[in-house]
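Breakdown of the fold
The residues making up each chain are set out below.
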Amino acid sequence: MKKCVFAGTFDPVTKGHEEIIAKCSSLFDEVIVAICVNVNKTTMFSVEKRLDFLRATCAKYPNVKVLFHEGLLVDLLKSEGAIYNVRGLRNGRDYEYENEMNFVNSELMPEIVTIYIPCSDPNVQISSSVVRELLKFGKNADRYVPAEIKGKLSDEIKGKLSDETKGKLSADIKS
Ligand code: COA
């Protein structure tokens, strides 16, 4: 049975991520979509919310399982008995970054096989950062996220972020 892991921060899941998940679902018998920790990122949405968004997105793919994993990616692969690590690529910058990650992951798990799936044109410019930025400024970002979570993101951050954004803007003006 061919099993892969597609990991990310998914803060939040976007149409770009969903494209990769759909492709994994048709290429592999089983797909683990894992929320992992990127130590360089602070997140807007809690793990629970990101799991909710991912589960709603992935419900239509019967061979996709969604989970949160706090440790190293290679440890998740090992515990799941998988060797395939799928990564989505949008551009050359993603490629450079992913190659560095692949180097480290291969040191830790020599049998790992990292598979890059290129992003299609309409999704090339989409990122979770763009979605978060729009939401922070009270704009709708529904066109960049999977159909299943449209309308849910703004509700989630209403109030909470408007205060944060106001605080940040006034700090920017003062400095
Ligand atoms: N595929 C993937 N990402 C896409 C995409 C696509 N088709 N289209 C757009 N993107 C964007 C994402 O939205 C995200 O945007 P953002 O940076 O603006 O938030 C960015 O590309 C990639 O982020 P994401 O897919 O969420 O991955 P990540 O780089 O945050 O994830 C981990 C990295 C979590 C997989 C990695 O840090 C990890 O493996 N952590 C566990 C610890 C570990 O093992 N570290 C490595 C060894 S030290």
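Residues numbered from 1 in each chain as written. Predicted model: local features only at pLDDT ≥ 70, side-chain atom pairs only at ≥ 80, totals over all residues. Heavy atoms only, no water.

Things to note about the site of the ligand
Selection criterion: A molecule or strand has a residue near it when one of that residue's heavy atoms lies within 4 Å. Any pair of nitrogen or oxygen atoms within 3.5 Å is treated as a polar contact; in protein, a donor-acceptor pairing is required on top of that, and neighbouring residues in sequence qualify only through side-chain atoms on both sides. A 1.4 Å probe that fits into a set of points on a 1 Å grid over the protein atoms alone but cannot get out defines a cavity; an open set with protein on both sides within 12 Å along at least five of seven lines defines a pocket, and lining residues are those with an atom within 4 Å of a point. For a cavity or pocket, the test is whether more than half of a molecule's atoms lie within 2 Å of its grid points; if they do, the molecule sits there. The numbering of helices and of strands both runs from the N terminus, where a helix is a DSSP run of H or I of at least 4 residues and a strand a run of E of at least 2.
Lining the immediate environment of the ligand, one finds 27 residues, of which Thr9, Lys41, Leu73, Ser128 and Ser129 sit closest. Here arginine 90 contributes a side-chain N or O atom positioned 2.9 Å from an oxygen atom of the ligand. Cavity membership is defined here by more than half of the atoms lying within 2 Å of grid points; on that basis the ligand lies in the largest pocket. When residues of the shell around the ligand are traced back to their parent elements, those giving at least two are strand 1 (3–8), helix 1 (15–27), strand 4 (84–89), helix 4 (92–108) and helix 5 (128–136).

As for the packing of aromatic side chains
The cut-off we apply is this: In summary, the pairing rule links any two rings of Phe, Tyr or Trp, Trp by its six-membered ring, whose centres are within 6.5 Å, and it sorts them by plane angle into stacked for under 30 degrees, edge-to-face for over 60 and tilted for everything else. The classification of residues rests on relative accessible area computed with a 1.4 Å probe and restricted to protein chains. Under 20% of the type maximum is buried, over 50% is exposed, and intermediate values are partly exposed.
A full pass over the atoms with the stated rule returns four aromatic pairs. Arranged with centres 5.5 Å apart and planes meeting at 80 degrees, the rings of phenylalanine 6 and phenylalanine 10 form a pair that is edge-to-face. Of the two residues, phenylalanine 6 and phenylalanine 10, both sit in the buried class. Aromatic side chains phenylalanine 28 and tyrosine 84 sit 5.5 Å apart centroid to centroid with 50 degrees between the ring planes, which places their arrangement in the tilted category. Taken together, the positions of phenylalanine 28 in the loop between helix 1 and strand 2 (30–35) and tyrosine 84 in strand 4 put the pair 56 residues apart, joining distant regions of the chain.

Some words on the nonpolar core
For the record, the criterion: Among buried residues, the Ala, Val, Leu, Ile, Met, Phe, Trp, Tyr and Cys ones that are joined through side-chain atoms within 4.5 Å form a nonpolar core. Should any heavy atoms of two residues lie within 4.5 Å, those residues are considered in contact.
Residues Val33 and Leu54 are the most contacted members of the largest nonpolar core, which totals 30 residues. Contributing elements (two or more residues each) for this core: strand 1, helix 1, strand 2, helix 2 (47–58), strand 3 (64–68), strand 4, helix 5 and helix 6 (152–157). With four residues, helix 2 is the single largest residue contributor to this core. Other than its neighbours up to four places away in sequence, valine 33 contacts Phe6, Phe10, Ile21, Leu54, Cys58, Val64, Lys65, Val66 and Leu67. If you look at the next biggest cluster of nonpolar residues, it comprises 13 residues, including Cys36, Leu76, Met109 and Ile112.

A closer look at the layout of surface pockets
Just so we agree on the cut-off: Grid points are joined across faces, edges and corners, and a volume is the space filled by probe spheres set on the points. The residue classification treats Ala, Val, Leu, Ile, Met, Phe, Trp, Tyr, Cys and Pro as nonpolar and Asp, Glu, Lys and Arg as charged. All others, Gly included, are polar.
Here the largest pocket defines a volume of roughly 1,200 Å³. Around the largest pocket sit 42 residues that line it, and Asn38, Lys41, Arg87, Tyr97 and Glu98 are the ones nearest its centre. Put simply, the parts of the chain that give the lining of the largest pocket at least two residues each are strand 1, helix 1, strand 4, helix 4 and helix 5. Take the lining of the largest pocket: its biggest share by element is eight residues, from helix 4. Classifying every residue of the lining of the largest pocket gives 17 nonpolar, 17 polar and eight charged.

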